[in-house]
Amino acid sequence: MQKRCEACGESFEAKRKSARFCSDRCRMRAHRRPTEREQTTPVTSQPPVQREDDPESLTAAARSELAAVGRERTAAGQAVLALARRIDANSSETGSSLAALVREFRAALAGALEGAGAAVDPVDELRARRDRKRSG
């Protein structure tokens, strides 16, 4: 009996009346092709993307920490902000990749803030200068 292959559209001689494909190749091709339902189903489980100007976003928090020590415009500071933006927009990240991004963010932030201690108190500086004069 002559049938038309559902995958390629070619005509073929069917050995059974339930045959739908002309070959194993066409059968696998049809099996691997997404169904119409899969193509039109919207993904709704994505969390909402936080905006960068949202005061509760990681980007805003990182920017304020970097600005407090004057390192917002450094290369390390920009790397921290890029990681923070990617974490905030985590719509396409898996759990393990998000965890890796957070670890990298923490390391980059620590590196950017390294050596940026609190501002030296002028009184402490005068005291240190006086002590150096007395000792030497």
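We now turn to the structure provided with this report. What you are looking at is a predicted structure, and each value in this text was computed from that prediction instead of being measured.

### A few points about the nonpolar core
If you look at the biggest cluster of nonpolar residues, it comprises 12 residues: Ala-62, Leu-66, Val-80, Leu-81, Leu-83, Ala-84, Ile-87, Leu-101, Phe-105, Ala-108, Leu-109 and Ala-112. Secondary structure elements with two or more residues in this core: helix H3 (58-68), helix H4 (75-88) and helix H5 (95-113). Setting aside residues up to four positions removed in sequence, Phe-105 forms contacts with Leu-58, Ala-62, Val-80, Leu-83, Ala-84 and Ile-87.

### Regarding H3
Of all the residues in H3, the buried ones are Thr-59, Ala-62 and Leu-66. Viewed along the axis of H3, the buried residues span an arc of 65°, placing them on a single side of the element. Backbone geometry just downstream of H3 places Gly-70 in the positive-phi region, at approximately 70°.

### Brief notes about the pattern of salt bridges
According to the stated counting rule, one finds four salt bridges in the structure shown. Across the salt bridge formed by Arg-27 and Asp-24, the nearest N and O atoms sit 3.6 Å from each other. One end of the pair, Arg-27, and the other, Asp-24, are both in helix H1 (residues 24-32), three residues apart, so they sit about a helical turn from each other. Asp-131 serves as the salt-bridge partner of Arg-130, at 3.7 Å between the closest nitrogen and oxygen.

Thresholds applied
Residues numbered from 1 in each chain as written. Predicted model: local features only at pLDDT ≥ 70, side-chain atom pairs only at ≥ 80, totals over all residues. Heavy atoms only, no water. Core = buried A, V, L, I, M, F, W, Y, C linked by side-chain atoms within 4.5 Å. Buried < 20%, exposed > 50% of the residue type's maximum accessible area, 1.4 Å probe, protein only. Helix = DSSP H or I, 4+ residues; strand = E, 2+ residues; numbered from the N terminus. Contact = heavy atoms within 4.5 Å. Arc of directions from axis to C-beta. Salt bridge = Lys/Arg side-chain N within 4 Å of Asp/Glu carboxyl O.

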